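Observations on chain architecture
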Amino acid sequence: MQLRKTLVTTLTLTFLFAGAADAGPLKRFAHERIDAATPKIIGGTDAQPGDWPWIVALIQSGISDNFQGQFCGGTLIAPDWVVTAAHCTDGKSPGDIDVLAGVTDLKNDIGERVAVKRIVQHPEFNSRNLVNDISLLQLSSPVSPTPAATDVGPETHEGELATIIGWGDTDPTFRNDFPFILQQAEVPVISNTLCQSIYGSSITNGSLCAGYADGGKDTCQGDSGGPLVLPTATGWELAGITSFGNGCAQPGFYGVYTRVATYETYIDDSLNFDYVACADANGDSVINADDITAHKADGRSELITWINNCYKTGSACGDLNEDGQVTRADLFLKWIEIRNAHNDWLAVCWTPEAS
Ligand code: ARG
């Protein structure tokens with residue numbers, strides 16, 4: 001165990017659970033602490049190499065040491081796509097994040113470390129109450145481990161024993177003991193009704209809660225974005241994404257996970273979306289800030305064409321408000337229309353790639 005000298009996304013819900021959550025980064029301090037007696041994940045055990053082939057670590061791209069740079073987890077759901085928590089990617093650019101696949105021991109395993117090409121954060125992620133805490137990362141190149149199956153069924157999974165996995169803090173008192181070796185623990189899924197009675201409106205159909213009433217086993221800071229899996233006839237399925245909790249492993253509280261099955265459409269649509277066809281305004285096959293410039297220029301020339309053909313000529317196509325005349329009011333409407341179209345394009349199409 002060693003204190004990780006880096007930024008790990010942290011989140012502590014305050015006691016009123018007014019929906020306010022602090023997902024900001026926590027600066028760690030450069031002390032080291034060895035404590036063999038400290039429990040793992042919280043209350044977990046060491047994973048063996050190959051146990052969870054599809055788990056990945058999110059690493060700050062500027063930090064070459066995998067252990068120091070790890071700040072969240074994720075799960076491979078296709079050779080070039082990772083699902084994680086939106087609070088892990090919020091405010092970040094693709095170039096800020098690397099994905100490390102195929103490791104159990106962050107200090108000693110080599111694995112495959114690849115850059116992120118694109119972040120597709122859930123469009124309705126709410127950073128205050130962490131509703132819709134899900135994000136997808138497209139990798140710059142595919143990695144070799146087998147991706148995980150995702151849960152798509154309607155089952156609540158209440159009472160089922162789930163496995164939580166990650167390289168997050170193993171010390172429930174927030175003394176920041178980060179393991180080199182991947183940790184795992186088993187926790188039962190509880191009902192959303194019970195979870196809502198504790199965390200209020202932060203719990204939606206898109207939430208899945210798990211843990212023990214007495215605490216003791218839980219995910220913690222640094223586990224976010226990583227998997228909660230359930231056994232199936234043939235292996236494992238990803239049912240949850242580590243999101244938040246009040247402290248870690250506290251009695252009376254549970255871990256909150258994003259319920260993956262709720263987001264099947266968002267996941268499928270995002271993996272199949274043609275980002276280039278939608279957003280490549282300058283036709284160079286790369287989506288970046290140059291496309292915003294090009295798209296704005298397209299809007300300007302559309303406006304000029306309309307002015308020449310419809311406005312200056314006083315033609316029917318110039319009477320946008322249908323009041324029988326072509327006036328500056330119509331010009332204003334045309335300008336609004338083009339501006340709105342640009343903003344829609346930004347929201348729907350523009351998912352910038354790492355430069
Ligand atoms: N928000 C944390 C992270 O960013 C995960 C916290 C999980 N907490 C819990 N009690 N289950 O790593």
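Scroll up for the structure.
These numbers come from a predicted model, not from an experiment.

Here we take up the overall build of the protein chain. Check the secondary structure of the protein chain and you find 7 helices and 18 strands. Restricting to contacts in the protein chain with at least 6 residues of sequence separation, those with at least 24 account for 69%.

Further remarks concern the sheet that holds strand β10 (residues 112–121). Taken together, 6 strands build a closed barrel; the order of strands is β6-β7-β8-β11-β10-β9 and the barrel is antiparallel. Pairs of neighbouring strands in the sheet enclose a mean axial angle of 40°, with direction left out of account. As paired strands, β10 and strand β11 (residues 135–139) are joined by 5 bridges and run antiparallel to one another. Directly across from V120, in β11, lies its bridge partner L136.

Packing of helix α6 (residues 289–311) against helix α7 (residues 328–348) leaves a shortest axis separation of 10 Å and a crossing angle of 155°. Here α6 is positioned roughly antiparallel relative to α7, judged by the angle of their axes. Considering how the two elements wind past one another, α6 and α7 form a crossing that is right-handed. Note on element contacts: α7 touches α6 through D330, L331, K334, W335, I338, A341, H342 and W345, opposite H295, K296, G299, E302, L303, W306 and Y311.

Cut-offs used in this document
Residues numbered from 1 in each chain as written. Predicted model: local features only at pLDDT ≥ 70, side-chain atom pairs only at ≥ 80, totals over all residues. Helix = DSSP H or I, 4+ residues; strand = E, 2+ residues; numbered from the N terminus. Contact = placed C-beta atoms within 7 Å. Pairing = 2+ DSSP bridges. Axes fitted to C-alpha atoms, helices over the stretch in contact; angles between N-to-C directions. Parallel < 35°, antiparallel > 145°, perpendicular 65-115°, else oblique. Left-handed = near helix turned anticlockwise from the far one by under 90°.

By themselves these figures say nothing about function.
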